[in-house]
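Observations on chain architecture
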Amino acid sequence: DGPPTSGSSRERAPPSEPAAMTNRQPKPFRLSSEATPYSPKYTTTQQQAAEAAAFSSLVTHLRGRLDVPNIELMILGGFCRNCLAKWYLAGAWRSGLHITYDQACERVYGMPYAEWKAAHQPKATVEQLARLEATKPFHASHPKQDPPASPAASLPHTPSLSSAEALAAGVQPMGGVGDG
């Protein structure tokens, strides 16, 4: 379902000012694995596979919508690509994956965030910034989390060794995910 084409019957006026949203209070929402009266009976594996497919589809869709800046996603949806990267990072950490926020952003953006931002994110207008501020109560939250303890954290560490000395001693340098 793409954007309406000019002259199409689906064409509609731009969204109204967020002032209309101030009449209601945001409702806290937590996606949980608890069944509802409307949910089919899934195994945990089936549910996780369905959620992973939804995430992958959303990422693919957002990568194709370079015309939609993050600020507009925040204003209208209360989340943006950065939020998605933070949720991905939190899920990775809960699963024991040792990745960085930059790596999570690369998963969502398909490239380093700084590169994407330079190529695809226009400077926000004064109107957009005002709308962003007005919709703040509806924005997603990202509870601060500590990264999981690195498996290498339990290994002895000798900071006084040079790289050459460490390699000679059989200690491999630590790298990021994907470093060979």
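If you're wondering where the values come from, they're calculated on a predicted model, not measured in any experiment.

Let's talk about the pattern of salt bridges
One pass over the structure, following the stated rule, counts three salt bridges. Residue Asp67 is joined to Arg65 by a salt bridge in which the shortest nitrogen-to-oxygen separation is 2.8 Å. Look at Asp67 and you get exposed, because its relative accessible area is 52%. A salt bridge links Glu133 to Lys136, with the nearest nitrogen and oxygen atoms 3.2 Å apart. Judged by its relative accessible area of 48%, Lys136 falls in the partly exposed class.

Section: the nonpolar core
Among the nonpolar cores identified, the biggest contains 19 residues, and Leu84, Ile99 and Val108 are the most heavily contacted of them. Among the secondary structure elements, those contributing two or more residues to this core are helix H1 (44–64), helix H2 (70–77), helix H3 (81–94) and helix H4 (101–109). Per-element accounting of this core gives the leading share, six residues, to H3. Beyond its immediate sequence surroundings of up to four residues, Leu84 is in contact with Phe55, Leu58, Val59, Leu62 and Val108.

What counts and what doesn't
Residues numbered from 1 in each chain as written. Predicted model: local features only at pLDDT ≥ 70, side-chain atom pairs only at ≥ 80, totals over all residues. Heavy atoms only, no water. Salt bridge = Lys/Arg side-chain N within 4 Å of Asp/Glu carboxyl O. Buried < 20%, exposed > 50% of the residue type's maximum accessible area, 1.4 Å probe, protein only. Core = buried A, V, L, I, M, F, W, Y, C linked by side-chain atoms within 4.5 Å. Helix = DSSP H or I, 4+ residues; strand = E, 2+ residues; numbered from the N terminus. Contact = heavy atoms within 4.5 Å.

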